[in-house]
Amino acid sequence: MLTPTELKQYREAGYLLIEDGLGPREVDCLRRAAAALYAQDSPDRTLEKDGRTVRAVHGCHRRDPVCRDLVRHPRLLGPAMQILSGDVYVHQFKINAKAPMTGDVWPWHQDYIFWAREDGMDRPHVVNVAVLLDEATHLNGPLLFVPGTHELGLIDVERRAPAGDGDAQWLPQLSADLDYAIDADLLARLTAGRGIESATGPAGSILLFDSRIVHGSGTNMSPHPRGVVLVTYNRTDNALPAQAAPRPEFLAARDATPLVPLPAGFALAQPV
Ligand code: SIN
Ligand code: MN
């Protein structure tokens, strides 16, 4: 659980980095799981523009035992339930690889606009809990935040790709040419008096952020990866409505069964 001071920091800034997160053995376990997932050709795996480098894999908690345990890890699920004051389920799970030298940008955006506009999510009773797979430094494209922007609610930004029929309309929502990206004029207004902060910290750090905070990340200029696992927890009473053409389950889960935390003191271990 978060301390009252941590909770206050989270509520004020819209994000919180806890450096003392998962231990080195747990990080090792997650890194191995990520490497195996990157190697599997799957519809939920996306590549960078070079067509070769893995950008992200989604929905891994549904097929990988380490990721399945991670979403019920008390260090992640505890704070998510505390912040949202209720039962939660996983709306979205992804691992962003940000490979050495080829890992591309995540343009400035709010997450909640995707979930409200694309998935029909009613309220922002949803939180991201991320685990840094590698040390995040100013060289490898750490997550960047405009503190306090979660208090602005949903910022109306036009969808970049034309909506309509066709397969994989959601693909630009996973690429460096992101839908609903915030442009420079708007960013200038948003950052005035707020600035930009970077979430740098050691591998294993846990990073919580509000679904409305404006965030993004730059390219990875270093020779090392900058992997991040992102678990998005949604409150069960905010589960998605039925839709005519829903996004795939790995982007917008429809199974809203409440998650039960694993026991306090649980640690991820290599599957036998
Ligand atoms: C990143 O991995 O740097 C961006 C993740 C996100 O936008 O949720
Ligand atoms: Mn995001």
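Residues numbered from 1 in each chain as written. Chains lettered and ligands numbered in written order. Predicted model: local features only at pLDDT ≥ 70, side-chain atom pairs only at ≥ 80, totals over all residues. Heavy atoms only, no water.

## A word on the site of ligand 1
Where we set the bar: Nearness is defined per residue: one heavy atom within 4 Å of the molecule or strand is enough. As used in this structure description, the phrase polar contact means that two N or O atoms lie within 3.5 Å; if the pair is within protein, one of them must be able to donate a hydrogen and the other to accept it, and residues adjacent in sequence are counted only when both atoms belong to side chains. Using a 1.4 Å probe, the Shrake-Rupley method yields the accessible areas, and only the shown protein chains count as cover for residues. Note on definitions: the grid is 1 Å and covers protein atoms alone; a cavity is a set of points where a 1.4 Å probe fits but cannot get out; a pocket is an open set with protein on both sides within 12 Å along at least five of seven lines; lining residues have an atom within 4 Å of a point. Pocket or cavity membership: a molecule qualifies when more than half of its atoms sit within 2 Å of the grid points of that site. By the criteria applied, helices consist of DSSP H or I runs no shorter than four residues and strands consist of E runs no shorter than two, each listed in order from the N terminus.
Every residue close to ligand 1 is listed here: Asn96, Trp106, His109, Leu143, His215, Ser217, Arg226 and Leu230. One of the side-chain N or O atoms of His215 is found 3.1 Å from an oxygen atom in ligand 1. Taking Ser217, its side chain carries an N or O atom lying 2.5 Å from an oxygen atom of ligand 1. Surface burial for ligand 1 is 99%, taken as the share of its 260 Å² of free accessible area covered by protein chains. Placement of ligand 1 is best described as lying within the largest cavity. Secondary-structure elements contributing two or more residues to the shell around ligand 1 are β5 (106–109) and β10 (214–217).

## Here we look at the packing of aromatic side chains
Quick note on the threshold: Note on ring pairs: Phe, Tyr and Trp rings are taken, using the six-membered ring of Trp, and paired if centres are within 6.5 Å. Classes follow the plane angle, with under 30 degrees stacked, over 60 edge-to-face and the rest tilted. Each residue is assigned to one of three classes by its accessible area relative to the maximum for its type, calculated with a 1.4 Å probe on protein chains only: buried under 20%, partly exposed between the two thresholds, exposed over 50%. Two limits define a charge over a ring: the Lys NZ or Arg CZ must be within 6 Å of the ring centre, and within 35 degrees of the ring normal.
Inspection of the entire model under this criterion finds 3 aromatic pairs. On the numbers, 4.5 Å between centres and 15° between planes, the contact of Tyr15 with Phe145 is stacked. Here the residue Tyr15 occupies a position in strand β1 (residues 15–18), and Phe145 occupies one in strand β7 (residues 143–146), the gap between them amounting to 130 residues. Accessibility classification places Tyr15 together with Phe145 in one group, the buried group. Aromatic ring contacts, followed pair by pair, group Tyr15, Phe145 and Phe209 into a single cluster. When the ring centre of Trp106 is taken as origin, the NZ or CZ atom of Arg55, which lies over that ring, is 3.9 Å away.

## Section: the sheet that holds strand β11 (residues 228–235)
Pairing between sheet strands relies on hydrogen bonds along the backbone, with the strands arranged either parallel or antiparallel. Inclusion rule: Following DSSP output, two strands are said to pair if at least two bridges run between them. The angle between two axes is taken between their N-to-C directions and runs from 0 to 180 degrees, where each axis is a line fitted to C-alpha atoms and a helix contributes only its stretch in contact.
Here we have 7 strands laid out as an open sheet, ordered β1-β9-β6-β11-β4-β3-β2, and antiparallel in their pairing. Here the strands that pair on one side only, and so sit at the sheet edges, are β1 and β2 (45–47). Taking the axes of each pair of neighbouring strands and ignoring which way they run, one obtains an average angle of 15° across the sheet. Two elements, strand β6 (residues 126–132) and β11, share 7 bridges in a ladder whose sense is antiparallel.

## Side note on the sheet that holds β5
On the basis of which strands lie adjacent, the open sheet formed by 4 strands has the order β5-β10-β7-β8 and antiparallel pairing. A strand with exactly one partner marks an edge of an open sheet, and here the two such strands are β5 and β8 (197–198). In this sheet, β10 lies alongside β5 in antiparallel orientation, the contact comprising 2 bridges. Bridge pairing links His109 to His215 in β10.

## Quick notes on the environment of Leu187
Put simply, the rule is: Only heavy atoms enter the contact rule, under which two residues are in contact if any of them lie within 4.5 Å.
With respect to the helices, strands and loops of the structure, Leu187 is situated in helix α6 (residues 184–191). Residue Leu187 is classed as buried on the basis of its relative accessible area of 15%. Setting aside chain neighbours within four positions, we find Leu187 in contact with Trp108, Val146 and Ile182.

## A closer look at the coordination of the manganese ion (ligand 2)
What counts here: A donor here means an N, O or S atom no more than 2.8 Å from the metal, or no more than 3.2 Å when the metal is Na, K or Ca. Since water is not included, a site may seem to lack partners.
Bound to the manganese ion (ligand 2) are the protein donor atoms His109 (NE2), Asp111 (OD) and His215 (NE2), situated 2.1 to 2.2 Å from the metal. Look at where the donors of the manganese ion (ligand 2) fall in the sequence and you get H-x1-D-x103-H. A residue pair is termed long-range when its members are at least 10 positions apart, and Asp111 in the loop between β5 and α5 (112–117) and His215 in strand β10 qualify at 104 residues. The same class applies to Asp111 as to His215, namely buried.

## Points about helix α2 (residues 24–39)
Inclusion rule: Working rule for helices: expected span equals 1.5 Å times residues minus one.
Over its 16 residues, α2 extends 23 Å from the first C-alpha to the last, a length consistent with the 22 Å expected when each residue adds 1.5 Å. Within the sequence span of α2, burial applies to Glu26, Val27, Cys29, Leu30, Ala33, Ala34, Leu37 and Tyr38. Against β2, β3 (54–58), α3 (65–70), β4 (88–96) and β6 lie the buried residues of α2.

## Here we look at the pattern of salt bridges
How we decide: By convention in these notes, a salt bridge is any Lys or Arg side-chain nitrogen within 4 Å of a carboxyl oxygen on Asp or Glu.
For the coordinates displayed, the defined rule picks out 14 salt bridges. Taking the shortest distance from any N to any O, the salt bridge between Lys49 and Asp104 comes out at 3.8 Å. Of this pair, Lys49 sits in the loop between β2 and β3 while Asp104 sits in the loop between β4 and β5, placing them 55 residues apart in sequence. For Lys49, a relative accessible area of 62% translates into the label exposed.

## Quick notes on the pairing of β10
Residues Val214 and Gly216 line one face of β10 and the alternating positions His215 and Ser217 line the opposite face, and both faces are buried. Sheet analysis places β7 next to β10, joined by 4 bridges and oriented antiparallel. Bridge pairing in β10 links Val146 to Val214.

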